[in-house]
Structure formats: structure tokens, C-alpha cells
Amino acid sequence: MRRILEYARERGIAWTLRRGCRKAGERVLGIYDRKRRREMPDGAELAEQKASQPEAGLISVVIPVFNTDPGMLRALLESLLAQTYTCMEAILYDGGSTRPETAEVLDEYAAKDARLKVTHAETNDGISGNTNHALTLASGSYAALCDHDDLLTPDALWRVAEAIARERPDVLYSDEDRITEDGKHFMDPYHKPDFCPEDLNACNYVCHLLVARTQLLRDIGGLRSGFDGSQDHDLILRLTEKTDRIVHLPYILYSWREVQSSASHRKLDQCRDAGCRAVKEHEERLGQKCAVNISGNMIRVRYESPGNVMTDVIRFDPDSADAYAELNRKAKESTAEYLFFADMDLDIRHSETFMNELLSHAAREGIGAVTPVLTDARGRIVHGGFIIGTERIAECEYEGLHAGAGGYHDVMNMTRNVSAVSPCAMMIRRERFIPFDERFRTGLGAVDLCLRLKEQGLRHIYTPYAEAVCRRNGMLLSGKKRDAADKALFAGKHGEIRYDPCRGRKY
């Protein structure tokens, strides 16, 4: 009860009730189980996949094993044998299990199918060491990392192979969900964005299913035991330093078993410390000076703010008919290195730390627009970045939600990439600014600008660590107001955008 009350104080009563009802629906009523069955490929589709094999070569599923519960291990092995992509092998490296039934199950299934290759070692070298031993035995050009008590969907490797045949990427990852420890219910689906560097620093949203070129995994040294607890996070960060050929598969292909005795539950502080060290080392390898710590449930990266720089705060009336013309005129007149566009009624909290937070991101290479979290006087979110591909083309994410609630997978409580931001609270380096299209009258003008910046290779950032209060919900802020002329103009410039791979989601 104390934990629930603490959660409600942080996230608000409405979100606490909403989350509690969802969890009860998943764990007791099986609501997600039924939805999952409807969305998973049926028998006819699986048969069609099996009859049409993509040309992707051998895929090795690398699995470290140690004293695995026999029931969970059987479930995993059955999920491997059910794969519709048949050119696969599973490398099962048993790190000296002292539980005889674990070895018995492994040997039983290895005798059933030669693609299941079992190695019994005398010593346990931990999850990282055992995985690396298995990786040395892999024959496939691509290796999929899998835990010993999780499950793959029947189409998992087929979807991977399909993407390999089509794009020949270096790294792939999929959406995922969870399965209860007793295996009775699936829950907590996680529909992820395409590769987002800021999101990945904040948490390992990539997680499972992760597939990479086998040689690339070997070249970077595989998993590092010094980061056990966050070894996967460290691995994907190092992979992204070597390649940008990263493909997101927008399908739930992996079910992560919720086991209370796992390291993430037993050694939470150790896992968080390892995650912070992984991110800090990653940023240092990229030449970034920063401090890294845990903030709430997320990793926060504090970059150095540029010193002795001039910033113009450009105030304007967002409800004015010529708001974008006013912004362009003032930006053109400015000689400052950084521009901060702000609603004339914007009340900035802790102005010095606010500006430093925005500047620390806007100064970095590859960054376009940066936005803080905007709330109304009651602490409800007014703006936290636009998502694209909705019925209204673009809308403000979590508009009306209590600012501390966090939302879907706590995304509003972490620094992350967004598709676009409102000019009502927008920081940008002056040399990266391009004029707004003055024909727009609503927030689509800001979305248009951000998409054009994105075409130049820039990405946009939302940070919850800078806060401001906005006492209006005007035409440029809200996604609820989209006039026909603006929609037609936007469609003429960008076509019909149904889904933004950077930030759009299928709830």
C-alpha cells in the first residue's frame, strides 16, 4: 500500500488508477491475451511463411543457460522448434548447471533436432561470459540473442530473415511483450520507435529481440561482464558506435519472462549503476563530456552547456494571424548564437537551469530543435513534442496528462527524440534555423519546419528536466486544432504521413 501511495504522489491519482486497471486486466482478466491472439499470425499465415523462405542464410540463436527451470526451458525450446524460418540453429551453452534436470531437458531436445546444439561446460562464467562462449560456436552470419527462460513467437526469425533479405542491415530489433512467471498470461506490450539515440541513453528500449551480424558482435568483443545487469544496454550502445544500419521490426516477436529472482529484481541498484557507466563510457567514446545519473526510473545524461554564448529569447503571440512571419522576422534580426522561441505567456521555472538544460542539447552535433515540458497551471501537460501519423496528422503527446505520470513506458519522464516541437517553447542553434513557412496558421507550420530539418539529418529532443508553465492552449501548441487549409498545404508538401517511424506508435 505504501508503494502504491508513493507511486500516486509521483504520477497522479488518475494515471495510477489507469495503470492499475490495465495491469489487473492483463494479469487477471487476460485482456491482452485475447488481443495478442487476434494480432498474431494465424495458422494459414504461418504455413505460408514456412513455404516461402527468405534468402537470409543461417541465423544462430545464442542462448546462455544456467540452472534454468525445466518448464521454462522446454517452453523456450518448443518456441525455437516452432519457427517458420527453418535455416536456423540454436547454440545452447550450459555454464556448469548444478541442476541435473536442466541438462536432461537440453539433451532431450538436442536429440530431437540437430539444429539445437548443446554444449555442457564445467564452469559458470556468468551471463556475459556464457553468451560470449556461445557466440564463438555460432555458424550463422547473423546471431540473435535470447535469454534461457524467454519465448520467441513462431514468426520471429522469419521476420528477421525477411528484413535481412530486403535490407542487409547490421543490427535488427523487434517489439516485445512480457509473460508471467507461471506462463499463464502475456502482458505489457512494448511498441518501440525506430532507432532513437536519446531514448537509448535513457533506457535500453531496444532490449529484445536483438539480432546483429555475428562478426560485428565478435569484433566489438561481445558482452562485457563488468556490466552484468545492464550488459545488453552496454552492447547495443557499442553496436551503434560502429553502424547506423539499424532496422526496427514493428512486430512483437519476443516475450520476456517476468521472473522475480532475476538480477534486474534482486540487484536493481547494481543494474542501474552498470547502465549509467555504460552510457557515460559510450558518450565519452563519442567525444562528449557529460555526467550520468539515475533520475526516477531513467538514466539522465547531463551534457556540458556551452559557456559565454548569446541566446535570444524571442517572445511572440501564438494566436496572432501572422505568428510565423513574426518569428521569421525576429530570427532574421537576431545575431545571437542560439534562439529560444517562447509564447508571450510562458512562465519559465528556474530560468538559469532551464536555459542550461536546453542549451546543453542544442549545442550538440546532429540536434535540431529542443523543447522542454510545458504544463498548465494545474501541472497537466500542454506540450511535450508532436507525434506524427495520427488522425490529426500531428498532435501533442499526452496532452492533459499529469506531468509526473510518465505515460507509455514512462516516456515523458526521460530525454528522448520527438518528431517535431512547437515554436511556443523551442530552442535551436541559429545556424541550423531555417524560416517557417508563413502560409501555415496552426502547429503544422512547426511540424513542417521540423520535418525539413530532419531531412538535413537533424533530430529533435524533448527534455523533462526543463519545465515551463503555459497559460494557454493555442493554435500552435495543440494538436486538436487543424484547419483544412493547413492540412491541405501540409499534404501538398509532405504527402500523406500515416506513421512516423521515429516516434509514432501503435497503442
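These numbers were taken from a predicted model, which means no experiment stands behind them.

Participant: Provide a residue-level description of the nonpolar core, including the pertinent values.
Facilitator: Counting 105 residues, the largest nonpolar core has Leu239, Phe340, Phe341, Met427 and Val447 as its most contacted members. At seven residues, the largest contribution of residues to this core is made by helix α16 (residues 444–455). Residues in contact with Phe340, not counting those within four places in the same chain, are Thr311, Asp312, Val313, Ile314, Leu346, Ile348, Phe354, Met355, Leu358, Ala425, Met426 and Met427. Formed by 35 residues, the second largest nonpolar core is a distinct cluster that contains Val61, Met88, Tyr142 and Ala163.

Participant: Help me get a handle on the confidence of the model for the protein chain, residues and values and all.
Facilitator: Detailed reading of the predicted coordinates is not advisable wherever pLDDT falls low. Taken as a whole, the protein chain shows an average pLDDT of 91; of its residues, 95% reach a score of 70 or greater. Contacts of residues 500–507 to residues separated by more than four positions or lying in other chains number 33 contacts, the stretch itself having pLDDT below 50.

Participant: Got a sec to walk through empty space enclosed by the protein? Specific residues and values, please.
Facilitator: Counted according to the given criterion, the structure contains three cavities of 30 Å³ or more. Taken as a whole, the largest cavity encloses approximately 110 Å³ of empty space. What lines the largest cavity is a set of 13 residues, among which Leu145, Cys146, Asp147, His208 and Asp232 lie closest to the centre. Elements with a contribution of two residues or more to the lining of the largest cavity: β1 (59–65), α7 (126–136) and α11 (231–242). The class makeup of the residues in the lining of the largest cavity is eight nonpolar, three polar and two charged. Considered as a void within the structure, the second largest cavity measures approximately 70 Å³ in volume. Residue lining of the second largest cavity: Glu198, Asn201, Ala202, Ile299, Arg300, Val301, Tyr303, His361, Arg364 and Thr415, and that is the complete set. If you list the elements that add at least two residues to the lining of the second largest cavity, you get α9 (197–202) and β11 (298–303). Sort the elements by how many residues they give to the lining of the second largest cavity and β11 lands first, with four residues. Residues belonging to the lining of the second largest cavity are distributed by class as follows: four nonpolar, three polar and three charged.

Rules used in this analysis
Residues numbered from 1 in each chain as written. Predicted model: local features only at pLDDT ≥ 70, side-chain atom pairs only at ≥ 80, totals over all residues. Heavy atoms only, no water. Core = buried A, V, L, I, M, F, W, Y, C linked by side-chain atoms within 4.5 Å. Buried < 20%, exposed > 50% of the residue type's maximum accessible area, 1.4 Å probe, protein only. Helix = DSSP H or I, 4+ residues; strand = E, 2+ residues; numbered from the N terminus. Contact = heavy atoms within 4.5 Å. pLDDT = per-residue confidence, 0-100. 1 Å grid on protein atoms, 1.4 Å probe; cavity = no way out; pocket = protein on both sides within 12 Å on 5 of 7 lines; lining within 4 Å. Points joined across faces, edges and corners; volume = space filled by probe spheres on them. Nonpolar A, V, L, I, M, F, W, Y, C, P; charged D, E, K, R; others polar.

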